[in-house]
Amino acid sequence: MEDRAELTLAARVARASAAERALALRGLSPQHLAALEYEWPFWARRAQLAPEGEWTHWGIVAGRGSGKTRAAAEWVRDTAKKMPGSIGAFVGRTAKDVRDTMVELGPSSILQISPPDFRPKYEPSKARLTWPNGTQAVLYSSQEPNDLRGPNHAWYWADEVASWIYPDDTWDNLMLGLRAGAHPRGVFTTTPRPIKLVRLLMGKERAPDGTFQQYPGVVFAARMTTYENIENLAPSFIEQVVRKYEGTRLARQELGGELLLDVPGALWTLELIEQQRWRDRIPTPAELARIVVALDPAVTSDPDTSNETGIICVGRDRRVTPHFYVFADDSGTVPAFQWATRAVNRYRDVGRWENRVPADRIVGEVNNGGDLVEAQIRMIDRNVSYKAVHASRGKRTRGEPVAALYEQGRVHHCGSFDRLEDQMITWVPAMSDESPDRADALVWGLTELADFTPPPPPPRSVSRRTFGV
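Now for a look at the structure at hand. (Residues numbered from 1 in each chain as written. Predicted model: local features only at pLDDT ≥ 70, side-chain atom pairs only at ≥ 80, totals over all residues. Heavy atoms only, no water.)

1. Structural notes on the layout of surface pockets
Reported here for the second largest pocket is a volume of approximately 600 Å³. The wall of the second largest pocket is formed by 29 residues, among which Ala50, Trp75, Asp78, Thr79 and Lys82 lie closest to the centre. When residues in the lining of the second largest pocket are grouped by element, the largest group, eight residues, is from helix H5 (residues 68-82). Along the lines of polarity and charge, the residues of the lining of the second largest pocket split into 16 nonpolar, five polar and eight charged. (1 Å grid on protein atoms, 1.4 Å probe; cavity = no way out; pocket = protein on both sides within 12 Å on 5 of 7 lines; lining within 4 Å. Points joined across faces, edges and corners; volume = space filled by probe spheres on them. Helix = DSSP H or I, 4+ residues; strand = E, 2+ residues; numbered from the N terminus. Nonpolar A, V, L, I, M, F, W, Y, C, P; charged D, E, K, R; others polar.)

Right, here's the structure in full:
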């Protein structure tokens, strides 16, 4: 039986008898009835209403289409009204995501849910919203975390934090600027993925001593699922997404809003990486036989559409059965000249020892860039030792021997590389077309050091006709 306590007030009125509806709405003028359109508690489910009491961060971790964006936008509208003259921050994955989902186009965006008498003015050129009472919101993207340095904010809305491009830097800078007003606070919304920032916010990140870290001041909305809001979803979404994935493990994450720390089909797990991590020391130069800088270049650098260029520095020691070490991650979405400069600078100076140590080779994938990759490298330093590699096999086939090295306990991350590791543990080759550029560069580097020899081609079949029989 359906629990009527979980229905919105609007749903309960709609499902009541004609007599009950007349009684509930008795005495309301046409103006009052029109105002109900913007009376959020009338339309909201209980989980979509901000919690009472003292809190700093309201977390809405929920399934796709469950109503989390609307809940956050309504909290912002209420906060803007209650805190006239305050300045808040909108933070999304890209500037386009902020504009489309949070501000302008989405059905739950601020401009779409605001009543005519309290609709903010949107100034795209200034990346700013201004409400009639002087409250402002400045718009930021996770592509440019340094933009959050300096400004003070009294409140924030951080949307889809699990998909942020630079999640840790963006979150840290946002928190350092959350210092205006008597009680600065905000709301973050996301469909869960097991990246470090989400694990930390949800109390699922282990400290070095093995205990779980609890992020201070966080309260969570009751977990919301796609199914709870299904009456408001397009039939095409239900047919193409809900029906396709329901009953699968992926549906628990994407539809049910459940944080799953292990991703079936991923080549690596967080536990696998963590078991062999070196936090307190690194190998000495005398212990190392080789160091390479691996490069997986992007051919474009548009911040909204381009892949990252993966630049990973790895080493191999001198043991008979060698171990391997990850030293640095210089990846990013940058133009060709910049990624070439980063790779050459890392080649010249691995920079993990007092006496600076150079690498002995740059390895670059050339499937997309062709001769461009070497040409860019040579423009920076014509004497670099460079080797081109070609992706003649699929990503899974290339990655499996490297994943086996991790399973054997022979790969050590010297420190934490959050963006690389988030990509490693969430990428499922069979289900994702997204290019895991940092992980690709890691695979190229460790493949070079491990000297994996590709298997010989299978023998050609021979028929009797070949010999004229």
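2. Observations concerning helix H13 (residues 336-348)
Helix length check: H13, at 13 residues, gives a terminal C-alpha distance of 18 Å against a target of 18 Å (1.5 Å per residue), a fit within 8%. Where H13 is concerned, the buried positions are Trp339, Ala340, Ala343, Val344, Arg346 and Tyr347. When H13 is viewed along its axis, its buried side chains cluster within an angular range of 160 degrees and face the same direction. Residues of H13 that are buried make contact with strand S11 (288-296), strand S12 (310-317), strand S13 (324-329), strand S14 (361-365) and helix H14 (371-380). (Expected span 1.5 Å × (residues − 1). Buried < 20%, exposed > 50% of the residue type's maximum accessible area, 1.4 Å probe, protein only. Arc of directions from axis to C-beta. Contact = heavy atoms within 4.5 Å.)

3. Some details on the packing of helix H15 (residues 395-407) against helix H17 (residues 437-450)
Interhelical geometry of H15 versus H17 gives an angle of 65 degrees and a closest axis separation of 9 Å. As summarised for this structure, H15 and H17 are arranged roughly perpendicular, according to the angle between their axes. By crossing handedness, the relation of H15 to H17 is classed as left-handed. In contact with Lys395, Arg398, Gly399, Val402, Leu405 and Tyr406 of H15, H17 contributes Asp440, Leu442, Val443, Trp444, Leu446, Thr447 and Ala450. (Axes fitted to C-alpha atoms, helices over the stretch in contact; angles between N-to-C directions. Parallel < 35°, antiparallel > 145°, perpendicular 65-115°, else oblique. Left-handed = near helix turned anticlockwise from the far one by under 90°.)

4. Overview of the sheet that holds strand S10 (residues 218-220)
With mixed pairing, eight strands are arranged side by side in an open sheet as S3-S4-S5-S2-S6-S7-S1-S10. Strands at the two margins of the open sheet, each flanked by one partner only, are strand S3 (121-123) and S10. Pairwise comparison of adjacent strand axes, ignoring direction, gives a mean angle of 20 degrees for this sheet. Relative to strand S4 (residues 128-130), S3 runs antiparallel, the two being bridged by three bridges. Its bridge partner lying in S4, Lys121 is registered against Thr130. Those strands touched by H5 are strand S1 (57-61), strand S2 (87-92), strand S6 (155-159) and strand S7 (185-190), and its axis lies near 165 degrees from that of S6. Each of S2, S3, S4, strand S5 (136-141) and S6 touches helix H6 (residues 95-104); the most contacted strand, S2, lies at about 120 degrees to it. (Pairing = 2+ DSSP bridges.)

5. What about the sheet that holds strand S15 (residues 386-389)?
Here we have six strands laid out as an open sheet, ordered S15-S14-S11-S12-S13-S16, and mixed in their pairing. The open sheet has two edge strands with one neighbour each: S15 and strand S16 (411-413). Taken over all neighbouring pairs, the strand axes of this sheet differ in orientation by 25 degrees on average, direction set aside. Pairing geometry for S13 and S16, over three bridges, is parallel. Paired with Val326 across the strands is His413, a residue of S16. Along the sheet, H14 makes contact with S11, S14 and S15, crossing S15 at roughly 165 degrees.

6. A word on the pairing of S12
Among the eight residues that make up S12, seven are buried, leaving the element largely enclosed by the rest of the structure. In the sheet, S11 pairs with S12 via eight bridges, with the strands oriented antiparallel. Bridge pairing in S12 links Ile291 to Gly315. The turn linking S12 back onto S13 is made up of six residues.

7. What to know about the state of the cysteines
Under the definition given, this model contains zero disulfides. With no disulfide of its own, Cys313 lies closest to Cys414 among cysteine sulfurs, the gap being 10.0 Å. Take Cys313: its relative accessible area is 0%, and that puts it in the buried class. We classify Cys414 as buried; its relative accessible area is 2%. (Disulfide = S-S within 2.5 Å.)

8. Some points on the environment of Leu405
Residue placement: Leu405 occurs in helix H15. With 81 residues separating them in the primary sequence, Leu405 and Phe324 have C-alpha atoms 8.6 Å apart.

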